[in-house]
Structure formats: C-alpha cells, structure tokens
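Residues per chain are reported as follows:
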Amino acid sequence: MAKKRRPPNIKGEPRTFDPNFKGPVVNRSCTDVLCFIIFILFIIGYIILGLIAWVNGDPRRVAYPTDSQGHFCGQKGTPNENKSILFYFNLFSCTSPSVMVNLQCPTTQICVSKCPEKFLTYLETQLLYKKDKNSWTYYSQFCKTPIPKSDRTLSQILMDDNCPAAIFPSKPFLQRCFPDFSTKNGTLTVGNKTMFEDGKGKTRNAGELRAAANHINKILDAKSLGMKLFEDYATTWYWILMGLIIAMLLSWIFLILLRFTAGFLFWVFMSGVIGVIGYGIWHCYKEYNNLRGQENSHLTIYDIGIQTDISMYLQLRQTWLAFMIILCILEALVILMLIFLRNRIRISIALLKEGSKAIRYVPTTLIYPVLTFIFLSICICYWAVIAVYLATSGVPIYKIIAPAGQCEHENKTCDPEIFNTTEISKACPGAQCIFAFYGGKSVYHQNIPTLQTFNLFVFLWLINFVFALGQCTLAGAFASYYWALEKPEDIPPYPLFTAFGRAIRYHTGSLAFGSLILALIQMFRIVLEYLDKRLKESQNNISKFLQCCLKCCFWCLEKAVKFLNRNAYVMIAIYGKNFCRSAKDAFNLLIRNVLKVAVMDKVTDFVLILGKILVTGCIGVLAFLLFTERLPILIEGPSLNYYWVPLLTVVIGSYLIAHGFFSVYAMCIDTLFICFLEDLERNDGSTERPYYMTQSLLKILKK
C-alpha cells in the first residue's frame, strides 16, 4: 500500500546537520543571470542617455542670465564676456499678468557691464548733447547697438527698440539690474526721489517701480535663496567638515562601547518607561481624587456629548478614571512582557554585544560605509547632471509677448531677426519677440519628459543596488565570523574583500532583482505623489481617500520588501542561491522563530535609535552654539545669512554618518541572528554537532 504524501510545511523544513558546512559556501555559481543581463542593458542605456544629453544640453543656460536674443551674459569667449549683468529696458512692463504666465518680462533685455547710477531720459540726453557729449556716451552703453549721436527722435528709438526711454539708479542683484530702493522718513524712494519721469511723458512714483521689480523677484526668489545658501556654505564648509569628522569618531566609539553598555542602556530605558507610566497612573489618580465633590464632575462623557473644547472632558472624573485604567493595563503588559520574554531579551542583548565583538574582529567593515557613500555620490551626481543636461537641451525658442497681454498672437513662436518686419508687430503694437526657453521639435526634444522618467527610474534602481551590494557584502563578512568555530583563529583572511568579490562575481543578478522590486515600488509611490500634486484641487473626497489608502499600502509594502530583501541577501551571502530561493528560505526561517524575531528587532531598533540620537544630538548642540555665535569665549562663530543652513547640514550629515556606521552594526546583528537560528536548527551542542555560537550566548541558552 502506497504511503500517504505528507502535506508541505507552511513554515518550511528546518535545517539538518551537515558535517561539510563550515560557513559561507565557497563553490557557487552565478544566480539570476537573466536579471543580470537586463540590469547591464539598462546601465548601457543609461550611459548612452548621458552621452546624448551631454551633446544636446548646455548647463550654462542655468548659470548665466540670458538676454532677449538668447545670448548668455558674462560667458567667456563671447562678445558679452565683460557684460555679466542683465538690464531691462522698461521695468514697468513687468507688471503685466503675462510675467507670471510666461516667466518672462515683456521688454527688451540686454547684457551690460554695469547698472545705471543716475536718473536720465532719452529726451534729456538730447538736450544735454550739445553741451556735454559725455552724457550720451554714458546713456548709449544701455542701448542694444552703439549709436554715435542722439539725433533720432524718441518715437524712432522706441520703434526700433534700440535704447530705453529712461534709466534709473540701480544696483546689480542676482546678475540683474534692479532699482536702488531706499526709505526716507518712512517713504519709499529710488535714488532719493519719490517721483520721476519714465521717458515717455508720464510721471511715476517709486511704488510703481517697486511693484514691477517685485514681479521679477517672484521669478528669482529661488535663485536668490540659492546664492545666499552658497555664500553660507562657502563660509562654513570647514566647520561642517569638522563636525562630520567628530560625528564619525563618536559613532565609532559608541559601537565599540556597545559591547559593555547594550544591556545597561536597554534596562535603563525600560525602567524609565515603567517609571513614566507609573507617574501617569499616579497623576490620573490624583486628578480623579481632586475632582471629587466638584460641580458637574460626576457627569459622564456620554452626558456632555461631543465638544470642541477638550478641557471640558478633563473636568470629568470619568475621563481620568479611563486614563488611569488604560495606563494600568499598559503598565501590566510591559511588566508581563519583560517577565515572560526575559530570556529572549537576554539573548537579544547578548547578540548586540556579540555584534560589537564581531566588528572588533572584522574592523574593515567600518570602512565599508565610505565605499557606499562614494557609490551613492557617483549615482546622485550622474543623475543630477543628466537631469540638468536634459532640461537644458535644445535651441533657443522665442515667443511673442505683449505688454497688455491681449494680442491674439501672444505666446506663439517667432523669429527675432524678422519680427519687426512682419504683420504681427503692426497688429499688436508694443509686442516683443523675446527668448522664452530651450527646446525643439525633434523626436529627442519631444521625449525629454520620458527620458527624465527613465533617468529617475534607473537612478532608483542603482541606489537600491548599491544598498543591496553593501548588505550582501557585510552579511558575508559577518557570517564568516560567526561560523568560525574557534574565534578569531578560524576567521578566514580578508573576509570583507572576499564577500565583496563573491557578491559582484556571482550574485549581481540576484542583487539587481531585489533592488528592481524596490525601485518599481518607489517609482509607483513617486507617481502617486505627482498625481496628488497635479490633481489636488480637482479631487473629491472618495478619490482622496483611495489615494491615501494606496499611499499607505505602498509605504507598508516598501517596508516589508526591504525587510525581506535584507534577510534574503544574508541567505545569498551564506548559501549562494538565487534571490527567490534565498528570500523563501529566510522567510521560512523567520516564521519558525517569529517571537525571537519580534523581540530581537525591537531591542536592536531601540539601541540603534538611541545611538543615532546621541551622536546627532551632541553634534547638533555644538553646531547650534557655534553658528549662533554663542561661544565667543571659546571660539568666534562665522557671520551667516541663515545659521540654520550649515546647522541643518551638520545635523543631517551627522545623522547620515551615524546611520552609515549603525547600518553596519544592524547588518551585523541581522546576520548573526540568522546564523544563530540556523545554528540552533543544525546543531545540538554535542561533541559531534557543536554550536558555533559564543560561550556567552550558550550560557543563556542553557539557563
């Protein structure tokens, strides 16, 4: 009679003893070759995209202001080399509504070497020309082309659009000439004048000129902020570098000391939690007792209903009784958890100490975050450069802009060379053919948004691949430490470099597979955010709710995939299987030990978060005192536009450095934990099947 087939175990079959297993498998083969080929093809395509963008793009279009003809101001090797400032002929035109629509002021713009320093109109220069020819020489430098004499009429000058009708005292700001505003006795003035002629027979005031300048300022605010940020960084870069170096040293010291302080930190924290909850119970009882006998305190929450004033609920004894009951239940749960899970907590703390010991025996792992930082910097810089080159690809495009904004031809493309001879200039008096942006009608230019999307997707894929490579490499190094029976004698030489070589040579495809899944999820989240921003005003409550649910689901999915990938990379580093097989084995192993996983995860999270807060907080406080000039006795701080700029840089940089060091530690703990669980399933502690764990862990298991 045939045997009944046993149904497969949902949690998978536990590992069995293998006398030949001595740690990470040496003889292995390439995994997930198809994904490796696809990954390489995408990288080749990414390189080709970079070359195409480099040929067609021009980042100078971002760095230099551009005149009405599309020429750069201040660019070396051009006629405008010594003319680095942009000058507006008629700044009053910038009050037109088309300014914010087209992001261009509908007036002629030329490059000049300096801004005007006095009031002067074209008519005044004609009157002064016979007496003082220097006045015309000064005025003509603000014309498009040099004019030897001021013998043309005002109407001719305006028709030819060769010179401004008037100039005003100005100062360069963001490489543009803006009126020199000041306040005199509470009144806004320009060059000490409140009223002045605009050169066309109208009397203007400083407020009108300020309104016109403000319209341009709205376009330039981002660049203004960028310039100030650049100045602050230029002033404080060495202080920022010093702060980051100190953060690195603090992180290293904290990791070394964890071997001695992990248990102390955890139990102090848990004692604090119990104490805080206990104080909350005492405070609730005190408030409950004080309200006894007071008017209306006997009412229930049901009696007063829903109230917007929360303080009304705090005047009821029932509210404080409910708070006290909730806190008592929470206190009991915490104490019971510590009592019944004390052995698992002790194992977790022992693993934390073991992690510190492993890093001491494999110290090169602390250098690996530097390599990760270099890889990430290359990816980020390449992505940013391609994005800029794609955004600046094309030829100058000119569009018709009318001051009144009522021309039927407005916003159509035009040719500045022949615009004044066309019927459009006659049909729309005052209309200008002005440079708008860079673009084109070729297939490449029409698909720039698609290429930017491809640029972003490959960037996400590469970033996740860099993290995956680091996790697999560190897992291989720490697994070599754990599976050494006699530590440190049996630890193989150069475990980090060996693990890195194995990961690159055999498992690039598997790492690319796992990072591809994450990149797709992150790309979908970015698309959701983009749609949310674009359709925010047109959404109804149902669509907003569905979108919120989608965001939440994909956030949870990303976290779950990151956790699964992390453990899959540990299995890949140890056994050399493909991604799906490794992810399945890791998942089954964790499910078979789900309670140990939960306790270990939370204990590790607490210690790492505490370490990051400690390092970031220390550096942040020192940076705050320095950049706000509150340490004059010890050291003189720099004078800054925004002290929060270098402060945030130091704080974020310190956090990232601490995160980099502690990510090594976290990967160490995860690897040791996976190996620990495998060790428990493979061996029994006998002479024939000895445990590979250290004596400290073995003592806890025997208790």
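Here goes a summary of the coordinates provided. Predicted, not measured: the structure shown is a model, and the values here were computed from it.

With that out of the way, let us pick up the overall build of the protein. A tally of regular secondary structure across the protein gives 21 helices and twelve strands. Sequence separation of 24 or more characterises 73% of the internal contacts of the protein that already satisfy a separation of 6 or more.

What follows is about the pattern of salt bridges. All chains considered together, the criterion is met by seven salt bridges. In this structure, the salt-bridge partner of aspartate 670 is arginine 566, at a minimum N-O distance of 2.4 Å. Of this pair, aspartate 670 sits in helix 20 (residues 644-682) while arginine 566 is found in helix 17 (residues 541-575), placing the two residues 104 residues apart along the sequence. Note on aspartate 670: relative accessible area 22%, which makes it partly exposed. Between aspartate 585 and arginine 581 there is a salt bridge; the shortest N-O distance is 3.2 Å. Here the residue aspartate 585 and the residue arginine 581 both occupy positions in helix 18 (residues 579-592), the gap between them amounting to four residues, near one helical turn. Accessibility expressed as a relative area gives 18% for aspartate 585, which makes it buried.

Turning our attention to empty space enclosed by the protein. Tallying each qualifying case throughout the model produces three cavities of 30 Å³ or more. Within this model, the largest cavity holds a volume of roughly 100 Å³. Taken together, eleven residues make up the lining of the largest cavity; nearest its centre are Phe87, Tyr88, Leu91, Phe168 and Ser170. Elements represented by at least two residues in the lining of the largest cavity include exactly strand 1 (85-88) and strand 6 (176-179). Here the lining of the largest cavity takes three residues from strand 6, the largest share from any one element. Of the residues belonging to the lining of the largest cavity, the class tally is ten nonpolar, one polar and no charged. Put simply, the second largest cavity is a space of about 40 Å³. Along the walls of the second largest cavity sit Arg344, Ile347, Ser348, Lys596, Val599, Met600 and Phe673, which together make up its complete lining. Mapped by element, the contributors of at least two residues to the lining of the second largest cavity are helix 10 (342-361) and helix 19 (594-627).

Now for the pairing of strand 6. A two-sided burial pattern is seen for strand 6, the buried positions comprising Arg176 and Phe178 on one face and Cys177 and Pro179 on the other. Bridge count between strand 5 (residues 170-173) and strand 6: four bridges; the pairing is antiparallel. Along strand 6, the bridge assignment pairs serine 170 with proline 179.

Our next topic: the packing of aromatic side chains. Taken as a whole and judged by the stated rule, the model has 23 aromatic pairs. Within the aromatic cluster, the residues linked to one another by ring pairs are Phe39, Phe42, Tyr46, Tyr382, Phe454, Phe457, Trp461 and Phe465. Lying over the aromatic face of tyrosine 138, lysine 118 brings its terminal NZ or CZ to 4.7 Å of the ring centre. Directly above the aromatic system of tyrosine 361 lies the positively charged group of arginine 360, at a separation of 4.9 Å from the ring centroid.

Positionally, glutamine 318 belongs in helix 9 (residues 317-340). Judged by its relative accessible area of 33%, glutamine 318 falls in the partly exposed class. Spatially, the C-alpha atoms of glutamine 318 and tyrosine 288 are 7.9 Å apart, while their sequence positions differ by 30 residues.

With that settled, consider the state of the cysteines. This model, assessed by the stated rule, comprises three disulfides. Paired through a disulfide, cysteine 143 and cysteine 163 show a sulfur-sulfur distance of 1.9 Å. Between cysteine 143 and cysteine 163, the S-S torsion sits near 115 degrees, and that sign places the bridge as right-handed. With cysteine 143 in the loop between helix 5 (134-140) and helix 6 (154-160) and cysteine 163 in the loop between helix 6 and strand 4 (166-167), this residue pair connects regions lying 20 residues apart in the sequence. Judged on exposure class, the residue cysteine 143 and its partner cysteine 163 are both buried. Looking at cysteine 675, it has no disulfide partner, and the nearest cysteine sulfur is the one in cysteine 668, 9.7 Å off.

Analysis parameters
Residues numbered from 1 in each chain as written. Predicted model: local features only at pLDDT ≥ 70, side-chain atom pairs only at ≥ 80, totals over all residues. Heavy atoms only, no water. Helix = DSSP H or I, 4+ residues; strand = E, 2+ residues; numbered from the N terminus. Contact = heavy atoms within 4.5 Å. Salt bridge = Lys/Arg side-chain N within 4 Å of Asp/Glu carboxyl O. Buried < 20%, exposed > 50% of the residue type's maximum accessible area, 1.4 Å probe, protein only. 1 Å grid on protein atoms, 1.4 Å probe; cavity = no way out; pocket = protein on both sides within 12 Å on 5 of 7 lines; lining within 4 Å. Points joined across faces, edges and corners; volume = space filled by probe spheres on them. Nonpolar A, V, L, I, M, F, W, Y, C, P; charged D, E, K, R; others polar. Pairing = 2+ DSSP bridges. Phe/Tyr/Trp six-rings, centres within 6.5 Å; stacked < 30°, edge-to-face > 60°. Lys NZ or Arg CZ within 6 Å of the ring centre and 35° of its normal. Disulfide = S-S within 2.5 Å.

Just geometry here; none of it tells us what the structure is for.
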